[in-house]
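# Residue-level structure breakdown
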Amino acid sequence: FGLTAPVYTRLHLLRSPLVISEKVAAVVPQDPALLIGSTLTATCSVSSDLGLHASQLFWTLNGRRLPSATYSVVGPTALAVTLPRLSGSRQPSGDNLVCHSGGGHVLAGSCLYVGMPPEKPVNLTCWSRNTKDLTCKWVPGGQGETFIRTKYTLKYRLRWYGREKECEPRGTAEPYSCYIHRDLALFTPYEIWVEASNQLGSATSDVITLDILDVVTTDPPADVRVSRVGELDDQLTVRWSSPPALKDFLFQAKYQIRYRLEDSTDWKVVDDVGNETSCRLAGLRPDTVYFVQVRCNPVGIFGSRKTGIWSEWSNPTAASTPRSERLLSASCDPKSGELNAALRRELKQFFGWVREHAAGCGGVSIKLYDQWRVWLQKSHKTRNQESSPRTDKDTRTHSTSGNRRRRRGSRCERNTR
């Protein structure tokens, strides 16, 4: 059901003088609230001064004429209509039931509010951006549709001694949400709940208790930069700045990175960045454009034991890996056997080079591997004995001392695959 705007306006313009002269015509009941599935009988009574008989009247609902089979004459100047098994109102402002004279003139009307009482709101969650405000969202209970205007009110108070307050809705806010932008206390828990009400009933959500410091989120990391790692064709370095809004707070940030290929929608996430503001992505494709994003989780603000809430992702930053020299020199794709042989030769050269330039395997790291890759790419031609990796015999000779050093246990950095 629903009356179009022009008809609705015309109805109210014509009903205004009827309010002044109540003896002209009247519809009862006036503006009833009814459950879906109810049956309604309404009566239109007109003044005898109009010279109209009940048989000359007719009814419309939302601008559509109702069949005469639903009418019953209850007096010389009174006509009733019965509406069985009512469906939910087509608009929150109600359906328009109107009584007309034989010529179509509007005599009187009534708004019907047909719907359901609200159910208990659920999934109430709140977060604070940089401890300055509080935003809460919830989901209407049940199927969510009541068919009539339903008011949702977010209420809150300090847990032990605060007076009850209501969140003032803002016109631009999302539905089923509210934003509190001032007069919030830190280090003190709040009790927060939602009340839903309409003409058919009311319901209240469960009460949640939270401290502002336990639900803090922040802005995405600023100044995200992605750059190449020298001539290495499979790596990129990502750097960013800490959220400036939290620079005066005692906390330890946790970061996540995600990246994808230019022509892909699948993101790969790097979870173990920790509190660093830079990270090296390895194992990438040569000569490929990547999009990178970073987000922040402010953990333990002022000693809070709760994990924070992840910020939004930063805007994507693009960078490309260098073109591989091996791809440039190859005239065709090598077979798998040739690839395995080349990999074995490369690993043998690398470990020989490590024993030449590092203190055993305990010093092996991705940084050292990068240094070797740069050295290798600059040394494609013949190498003399001093600058080349050692032989298998030398490797076996130094394996015992390398094992002794490995027991000291430097942490090896991991590639991001």
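Scroll up for the structure.
Let us look at the structure shown here. Bear in mind the structure is a predicted one, so any value in this text is a computation, not a measurement.

### Quick notes on the environment of Leu 107
- Tracing the chain through its elements places Leu 107 in strand 9 (residues 106-115).
- On the basis of relative accessibility, which here comes to 8%, the residue Leu 107 falls in the buried class.
- Considered as a pair, Leu 107 and Ala 25 are 82 residues apart in the sequence and their alpha carbons are 5.9 Å apart.

### Quick look at the state of the cysteines
- Summed over the entire model, instances satisfying the criterion amount to three disulfides.
- What pairs with Cys 44 in a disulfide is Cys 99, and their sulfur atoms sit 2.1 Å apart. One quick way to see it: the torsion about the S-S bond of Cys 44 and Cys 99 is about -80°, and its sign makes the bridge left-handed. Of this pair, Cys 44 sits in strand 3 (residues 40-46) while Cys 99 sits in strand 8 (residues 95-100), and the two are 55 residues apart along the sequence.
- The exposure class of Cys 44 is buried, given its relative accessible area of 0%.
- Covalently, Cys 167 is tied to Cys 178 through a disulfide, its sulfur atoms 1.9 Å apart. Judged by the torsion about the S-S bond (-95°), the Cys 167/Cys 178 disulfide is left-handed. Of this pair, Cys 167 sits in the loop between strand 13 (165-166) and strand 14 (177-180) while Cys 178 is found in strand 14, placing the two residues eleven residues apart along the sequence.

### Regarding the pattern of salt bridges
- Considering all chains together, one arrives at eight salt bridges under this definition.
- Among the salt bridges present, the one from Lys 120 reaches Asp 206, with a minimum N-O distance of 3.2 Å. Separated by 86 residues along the polypeptide, Lys 120 in the loop between strand 9 and strand 10 (122-129) and Asp 206 in the loop between strand 16 (201-204) and strand 17 (208-210) bring together distant segments of the chain.
- Its relative accessible area of 52% is what places Asp 206 among the exposed residues.
- Between Glu 174 and Lys 137 there is a salt bridge, with its nearest N and O atoms 2.9 Å apart. Of this pair, Glu 174 sits in the loop between strand 13 and strand 14 while Lys 137 sits in strand 11 (residues 134-139), and the two are 37 residues apart along the sequence.
- Taking relative accessible area as the criterion, Glu 174 reaches 48% and is therefore assigned partly exposed.
- Owing to a relative accessible area of 30%, Lys 137 belongs among the partly exposed residues under this scheme.
- Within this structure, Lys 155, Glu 164, Glu 166 and Glu 195 form a network of salt bridges that share partners.

Procedures and definitions
- Residues numbered from 1 in each chain as written.
- Predicted model: local features only at pLDDT ≥ 70, side-chain atom pairs only at ≥ 80, totals over all residues.
- Heavy atoms only, no water.
- Helix = DSSP H or I, 4+ residues; strand = E, 2+ residues; numbered from the N terminus.
- Buried < 20%, exposed > 50% of the residue type's maximum accessible area, 1.4 Å probe, protein only.
- Disulfide = S-S within 2.5 Å.
- Salt bridge = Lys/Arg side-chain N within 4 Å of Asp/Glu carboxyl O.

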